[in-house]
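Architecture and fold: a report
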Amino acid sequence: MYSIREALSAFKRAPLLTGLSAAMVGLALYVVGLFGLAAFNLGLALTSIEERVEVVVYLRDDVRQSEIDLALAELADIPDVARVRYVSKRDALERAQQDLPEFSELFGGADVNPLPQSLEVELRPGSRTREGVERVAADAGKYPFVEDVRYGQEWVDKLFTLRRIGAVSALVLGAAFFAVAALIIGTALRIAIFARRDEIYVMRLVGATNGFIRRPFLFEGAMAGMLGGIMAWLATWATYRGVYAFLFAVAWIPGVWVALGLAAGIAFGVLASGLAIRRYLREV
Amino acid sequence: MIKLSNVSKEYPKRGFALRDVSFQIQKGEFAFLMGHSGSGKSTTLRLIHMADRPTSGEVRVTGYSSDKMPDREIWKVRRRVGCVFQDFRLLPGRSAQENVSFALEVTGAPRKTIQPRAQRLLSQVGLAPKAGALVHEISGGEQQRVAVARALANDPFVLLADEPTGNLDDRATRGIVELFWDLNARGMAVLMATHDLELVRRYPNARVLELDQGRLVFDSNPT
Ligand SMILES: Nc1ncnc2c1ncn2[C@@H]1O[C@H](COP(=O)(O)OP(=O)(O)OP(=O)(O)O)[C@@H](O)[C@H]1O
Ligand SMILES: [Mg+2]
């Protein structure tokens, strides 16, 4: 009771400083929130791309049907492989004509079919990684009648790299903002302690416990942290709406992440003021 | 109850404030701590209140020893030892009652008991009629009574008073010391620092301790 009342009165006494503390925590968490938003959507994109990861084995035109059957059976036996589909030259042409209207204009009348026949190898979910793809591609490449092996792994790699760069920059930027936030919370706390030095003196004199003396300041830190968390939440949401409306469709981060962010803000506020109070309370 | 054993206190650069001081205060005793300015009276009281630690020797207060008491447990001593000062050290802008309630509140007294207990403490020091008055609107003697009521909040066994009458006129001084004797009659030990020899002479029943340059040079009633 006493602690909450005191923390609120401290806020009333120096709203600007508490506001600034909250804003800094908010900025730090906003950076983290933006990264969270980006990472979450990249993750979604990666999953959908990974679902489409497959190895395409192009065959020479002169391959015999018995050789195709053998390759089909052998490739299907590889543990990484979920399914192997045979695509004949005619199938390939039909698909191309469907997908690319210009194609039929170019080749529609011709008797020659320039497209090769192929085997489309679909991987099991656990094997849709660079290593899995390369293993299967290497195996498929050993057949003498194979013209070429293609797979879209470069894309997945690029996305992974992008995500890593994003994580590092968010971490660095976030840490910098958190450091500034800690400094400001420390200053706010010093001022709050100074404003209440008479009361703190009397509390000590009559035998209040250290925990009791500390509590209102920790509450204040928690309040600043929570306010910051809410600001970051709103700012991230606004950014999300903005990107959604003007750039491209993105998904909102899971509610658990939001809750974690708020909890992190509160924990940070308590921690920062706890550390600051350790330093300053001795001097009162 | 209070026991100083070979206590010395050295301040960096200032030298020794206390040298090898030993004495005991028993339950229910009334003692004056005398000495010139700078003789170490305040230092002695601060050590008993554990606001500071001796450089050597040991201060014992009830079961608590200055040797073994971790900082975070000193509040336990503070609740057993009441303290008043020459400058009262009340919270300005609050009423007498609020000053006493504050002490009860911050030491975890149950909410419902705070109001009646503060009132009882104030009537014990003879200040019930001024309970609602702001502390800067009452006289010095009355302010010191508020400070005494506050010091009694946690039912201490001893009251330490550091020149409590230093800012008061004769009449108010007598009033405060009489109040101390009242409390003493109800079982409270009192240790009062003063350099007012005339005042001390008026109370021949009290024990007198005298410090000179940090040494205990006189004890009317050594135990
Ligand atoms: N915190 C401190 N730091 C350094 N020296 C101190 C400190 N407190 C007291 N002293 C020194 O210790 C000596 C004793 O001081 P103390 O305050 O105990 O004397 P006193 O008997 O209470 O004097 P007075 O009657 O003036 O209040 C003095 O020389 C003083 O300068
Ligand atoms: Mg003194």
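Residues numbered from 1 in each chain as written. Chains lettered and ligands numbered in written order. Predicted model: local features only at pLDDT ≥ 70, side-chain atom pairs only at ≥ 80, totals over all residues. Heavy atoms only, no water.

**Structural notes on the packing of helix H8 (residues 197-206) of chain A against helix H3 (residues 96-106) of chain B**
The interhelical angle for the contact between H8(A) and H3(B), taken along N-to-C directions, is 65 degrees, at an axis separation of 9 Å. As for how H8(A) packs across H3(B), the hand of that crossing is right-handed. Each of Glu199(A), Val202(A), Met203(A) and Val206(A) in H8(A) lies in contact with H3(B), whose residues at this interface are Phe102(B), Ala103(B) and Val106(B). Residue composition of the contact of H8(A) with H3(B), by class: six nonpolar, no polar and one charged. (Axes fitted to C-alpha atoms, helices over the stretch in contact; angles between N-to-C directions. Helix = DSSP H or I, 4+ residues; strand = E, 2+ residues; numbered from the N terminus. Left-handed = near helix turned anticlockwise from the far one by under 90°. Contact = heavy atoms within 4.5 Å. Nonpolar A, V, L, I, M, F, W, Y, C, P; charged D, E, K, R; others polar.)

**A word on the packing of aromatic side chains**
For the structure shown, the criterion picks out 11 aromatic pairs over all chains. Their ring planes at 75 degrees and their centres at 5.4 Å tell us that Phe40(A) and Trp257(A) sit as a pair that is edge-to-face. With Phe40(A) in helix H2 (residues 15-51) and Trp257(A) in helix H10 (residues 255-281), this pair connects stretches of sequence that are 217 residues apart. Here a set of aromatic residues connected by ring pairs shows up, and it is made of Trp237(A), Tyr240(A), Tyr244(A) and Trp252(A). Cation over ring: Arg89(B) sits above Phe85(B), and NZ or CZ is 3.8 Å from the ring centre. (Phe/Tyr/Trp six-rings, centres within 6.5 Å; stacked < 30°, edge-to-face > 60°. Lys NZ or Arg CZ within 6 Å of the ring centre and 35° of its normal.)

**Let's talk about the sheet that holds strand S1 (residues 2-11) of chain B**
For sheets, the rule is that strands pair by backbone hydrogen bonds, running either parallel or antiparallel. All names here are of chain B. Taken together, the four strands give an open sheet; going across it, the order is S2-S1-S4-S5, and neighbouring strands pair in antiparallel fashion. In this open sheet, the two strands that pair with only one neighbour each are strand S2 (15-25) and strand S5 (64-65). Here S1 runs beside S2; their pairing, made up of seven bridges, is antiparallel. Within S2, the residue paired with Ile2 across the bridge is Ile25. Together, S1, S2 and strand S4 (56-61) form the strand contacts of helix H1 (residues 41-48), whose direction differs from that of S1 by roughly 120 degrees. (Pairing = 2+ DSSP bridges.)

**Some words on the site of ligand 1**
All names here are of chain B. The environment of ligand 1 is made up of 13 residues, and the closest members are Arg14, Ser37, Gly38, Ser42 and Thr43. Between ligand 1 and the protein, one listed contact pairs an oxygen atom with a side-chain N or O atom of Ser37 at 2.5 Å. For ligand 1, an oxygen atom lies 2.9 Å from a polar atom in the side chain of Glu163. If one sorts the elements of the shell around ligand 1 by residue count, H1 sits on top with three residues. Of the residues contributing to the shell around ligand 1, the split by class is two nonpolar, eight polar and three charged. (Near = heavy atom within 4 Å. Polar contact = N/O pair within 3.5 Å; in protein donor to acceptor, adjacent residues only side chain to side chain.)

**As for the domain arrangement of chain A**
By the assigned domains, chain A splits into domain 1 (2-48 + 159-283) and domain 2 (54-150). The centre of domain 1 of chain A, based on its C-alpha atoms, is set 54 Å off from the matching centre of domain 2 of chain A. (Domains from an automatic or database assignment.)

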